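Residue-level structure breakdown
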Amino acid sequence: MTMRQAGVSDGQQGTDWRGGDGSPSASMAVEGVQALPMGVSFTVRRRGLIRDVLAHDAAGKAVLICAPSHFGKTALLIQVVEEVRTDPKRGAAVLIDAHDAQIDELLLQLDEVEEITSGQDRPLVAIDNLPVFEACAARMLVERLRGLRRLGCGVVASCLPSNRTLIKAFGDSIKIAPRALTVGPHEYAEWMRVFSLPVAIDVYGLTQGIPALVAALRGSLGGLAKPPRQYSSCVYEVCQSVMAEIEGEEGSLWSVAALMMLLGSGSLSDVGRCGPAITQRQVSALARDYPIFGIDPANQTFTCLTDAADALERLRQDVVDKSPRLARRAVKTLMKLGRVDDAARLVEGQFSPAMALGAIRAYPVEFSLAGHARLVLRTLDAPRGPSSHAGPRAIELVALYAASIIAGDLRQARFAAKRLERLSDDGGGERCAFAWARAEAIHSAWGGSDGTELPERDHGGDVATSDDACILLSLHARLLHALVRHEDLEEPLAAEGLRDSVRLDQPRLLVEADRMMGEALMGGTLRLDERDELYAGICGELLDEGLTWVAGQMRLALATRRLLVGMPVADERAFSDAGTLYVRANNQEMQLLCTVLEGWQDLLHGEVINAGFRGRQAAGLAGEGLDFIFGWAKLLERVAQLRNTSLVTLREEAVAIDLAERGVDSLRAWRVALELSAARMDAELSAWYSMHRVSLLDPSMRLVARLAIDALGERADSLRRLLPRQLLVGYSLLAPEDAKVDRPFQVVAQPELDEEQVRINLFGGFRAERGGHVMVDELWKRKKASVLAARLVLAEGSFVPRDVLAGELWPGLAPERAKSNLYTTLSILRGALGQRQMGVNYLVTQGEGVAINVEYISSDIMVFNALTRQVLLRRNGASAPQLIELCLKAEQVYVGPLYVPDRNTPRFFVNMRRVLQAKFVDCMMRGVELAIDEENTGAAIWMVEAALRYEPRREDVVRAAMRVYDLDGRRREVEELFMRHGVYLREHGGGLPEPETRALYERIMQRKRRHGSVS
């Protein structure tokens, strides 16, 4: 126990001292405190708290600060003492550290205080860290403090919330609760300045306002807003001290706190879901005395400091080691709440092998269905004690079977199936019957390899019809059956929605992959959307977890969508690996579909022989009922032949075509049309197109027809000219054939628009036209209507979720208010477009998504993207002069930067402006390269100067301009351009031009000097 009186001699300043709430000592005082320890937690003056304490003292009240360690009790007492010491109207101020003091010692200290302060005007005694005394001793201490108070001496003391005896005995004192000690918003600015905290950091989410944790954020990276290393250690120390304090209290409060720590966050009712319900008294005690649990009494929720993952893991391990029963209850609660990922992390990170095995036995299939098959396999493969010599139980074999199928380990699955056949008489109880039903659903959805069949068993009940996982697995099998037959997919079920608490929900991901693939195969999409990026990331996670089944299905869906919208397939082995997957699953139908899709990929890569072989192979194996696969395979085979056959032979074969054939399906119509186009038999093609126009323009054929047209290149020009101009982008990435006879600088010809056609241009500003005339309806003066129209146009016909639109256009409003504004703006936009109940639908909705109807709304964005895609992807089928023409057309379309709203600009528009501008400059650079190769200097100069207008800082643009000017003999302009670029870099702190740029300049100048000397 230590007593300090403010104002002692300088010789005492270096004394080592540590406060009771863990604050380190310091050799230098802060703000004039000469003899008191001042660590990092004392560097912010708590002015509001000091004012409140002194006000209570002036009113004749004793003050008792009740808070856990690390809440700054000692710091506040020191600052109060310093405030009294510097007040000339008051007497001495004494600070006593009562940590571990006996009652007799403390009473003696108070006697000394009375002697020291006798006769002084309003002295003060501050007692830090009052220990827990028995009831009698506590009453003695309180009476002594009241006596000092009656003598005119102020009393301020601190203790832990668990010191219930003292708090009760000192009932007439003013209590300062832990919440009052947290860092409030009104004082956070000073804390941020003192500890150099970045603006972007989520301080209250990371610290709950606890002073020690706020101080621990010192050193956070401003750009990343990440907490420093010491933060996690400090969180562990704070929470561990709180848990130790709660453990010393009577009752079940520690169990409730420990369970909250294991759950991390959730509803207060969740805590009692699998055990005794939490009482209102326990809620009040935790909310009042221990803010680290983030209890919100109004919403009945709690949130622990979940951002300190390392600290939370250590704390959970302490709880698991201390109370395995409570840990098992936490897993049971998480599983009931559907938070399988959180339960898996707890089992994998903190459970012993025996406890983990118990969790797998309790939930044999649930973990695997949530994407944690590897956890199940590792747990079942872990060494066991001598009591397990009898071999695995039936429930463990079911778990092994399900995990093996999902992870693609068929050898293990066959082993489990054989062992289950021998143990078929082992009932295993209701839990085993439920798991068995799910395992059967997994096997049915997988397709069934030889030797993986489960023995028949009557598991009772209607599990397969009531369980979401079984329903979705059964739906997956039906969707695959519909995909290979090109049938309409079933309507979405309520069970399909992805759960935020389960990242890799296997049944739901399978169904989502099926629907995305079906959308592409049925022609329901003309471009990629946010889902493709989202599921590409999820696909990487699936592969990292070894979940080959669902990963293969998702990779197949993503690759199919990229292939059919004309994008390069980034995952070139997706079709091959999916085909192998379906070979193992004995699903020949899906294997053939993968073969056909891989053939189209080969054809677009120029591997014509491989493509033709795959087409013949798939057509030969497609049996009855697979007309869709047969037709696509025959189309692939025929297009490959058309690519490699001479014009003379094609004409000879085309003569034999029966042009009067009736009742042909879409695939047959397209095969004949492509043959006539490749043979240059334009008259016959025109007649065939006229007779079968409906079949040729079937939307379900649009994407595969585009593949065929692009693969044929110039040989499809005749057919391309016949297609309606407003639909041409949907059928080909190439410009119309008549683009080849346009002059290089001709303005892009716009398609003829009737009165129902609307065109919305966004380059260089917002402009809406109908039938070629600007729309001047008053409704277009509504700012949000134009912004919403522009946002939907940028989606190019893809459905944008309503919550995304509401969040982007009204980011500062509550979700419900933002959605209400969105509905109003959608109505205004429909009116501005002229949409009527019985007329054209310019806006279409599907589920929660909204999109423009590309049949009736066109845009310069669509034309620009189609042109630049063909240029930048360097696809086969277009010559260099054609690509140069496309670049020049793109330059005519890009009349200025993308329209961006001038107020409350959504970040999406700013990002898209950058993306489209970068795409434009890249397209110009590609055109410059081709023009230089073709010795078309005029086109090269035009394009490079267009690129310089928008990106004068890019070194590759500057070098391209120097090369073009040099080829044209304009070396003086090369010198001027290089000088301007150097001046620009110096003014903007960029240093010197790149070495490659300087070297090119030197070579050009040397040629100029040599030429001058020769002259």
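Reading the values: rules and limits
Residues numbered from 1 in each chain as written. Predicted model: local features only at pLDDT ≥ 70, side-chain atom pairs only at ≥ 80, totals over all residues. Heavy atoms only, no water. 1 Å grid on protein atoms, 1.4 Å probe; cavity = no way out; pocket = protein on both sides within 12 Å on 5 of 7 lines; lining within 4 Å. Points joined across faces, edges and corners; volume = space filled by probe spheres on them. Helix = DSSP H or I, 4+ residues; strand = E, 2+ residues; numbered from the N terminus. Pairing = 2+ DSSP bridges. Contact = heavy atoms within 4.5 Å. Axes fitted to C-alpha atoms, helices over the stretch in contact; angles between N-to-C directions. Parallel < 35°, antiparallel > 145°, perpendicular 65-115°, else oblique. Left-handed = near helix turned anticlockwise from the far one by under 90°. Nonpolar A, V, L, I, M, F, W, Y, C, P; charged D, E, K, R; others polar. Core = buried A, V, L, I, M, F, W, Y, C linked by side-chain atoms within 4.5 Å. Buried < 20%, exposed > 50% of the residue type's maximum accessible area, 1.4 Å probe, protein only.

1. Digging into the layout of surface pockets
Taken as a whole, the largest pocket holds about 1800 Å³ of empty space. Taken together, 41 residues form the lining of the largest pocket, with Glu519, Arg531, Phe799, Gln846 and Gly847 sitting closest to its centre. Of all the secondary-structure elements, those providing two or more residues to the lining of the largest pocket are α25 (506-521), α26 (530-544), β13 (843-846) and β14 (849-852). Here the second largest pocket defines a volume of roughly 960 Å³.

2. Notes on the sheet that holds strand β9 (residues 758-761)
If you trace the four strands from one edge of the open sheet to the other, you get β11-β10-β9-β15, paired in mixed fashion. Each edge of the open sheet carries a strand with a single partner, namely β11 (773-774) and β15 (857-859). Two strands pair when backbone bridges link them, and β9 and strand β10 (residues 767-770) are joined in this way by four bridges, in the antiparallel orientation. Opposite Asn761, over in β10, you have Arg767 as the bridge partner. Packing of helix α42 (residues 860-872) onto the sheet brings it into contact with β9 and β15, and relative to β15 it is tilted by some 55 degrees.

3. Regarding the packing of helix α31 (residues 627-644) against helix α36 (residues 702-712)
Angle between the axes and distance between the axes: these two values describe a pair of packed helices. Look at α31 against α36: their axes get within 10 Å of each other, and the N-to-C directions meet at 15 degrees. The angle between α31 and α36 falls in the class roughly parallel. Along this stretch, α31 crosses α36, giving a crossing that reads as right-handed. Listed contacts from α36 to Trp632, Leu635, Val639, Leu642 and Arg643 of α31 are Val704, Ala708, Ala711 and Leu712. Per-class residue counts for the contact of α31 with α36 are eight nonpolar, no polar and one charged.

4. A few points about the nonpolar core
One finds Met260, Phe293, Phe367 and Trp600 to be the most contacted residues of the largest nonpolar core, which totals 222 residues. Per-element tally for this core: the top contributor is helix α20 (residues 394-407), with twelve residues. Contact partners of Trp600, with chain neighbours within four places excluded, come to Leu563, Trp632, Leu635, Leu636, Val639, Val704, Leu707 and Ala708.

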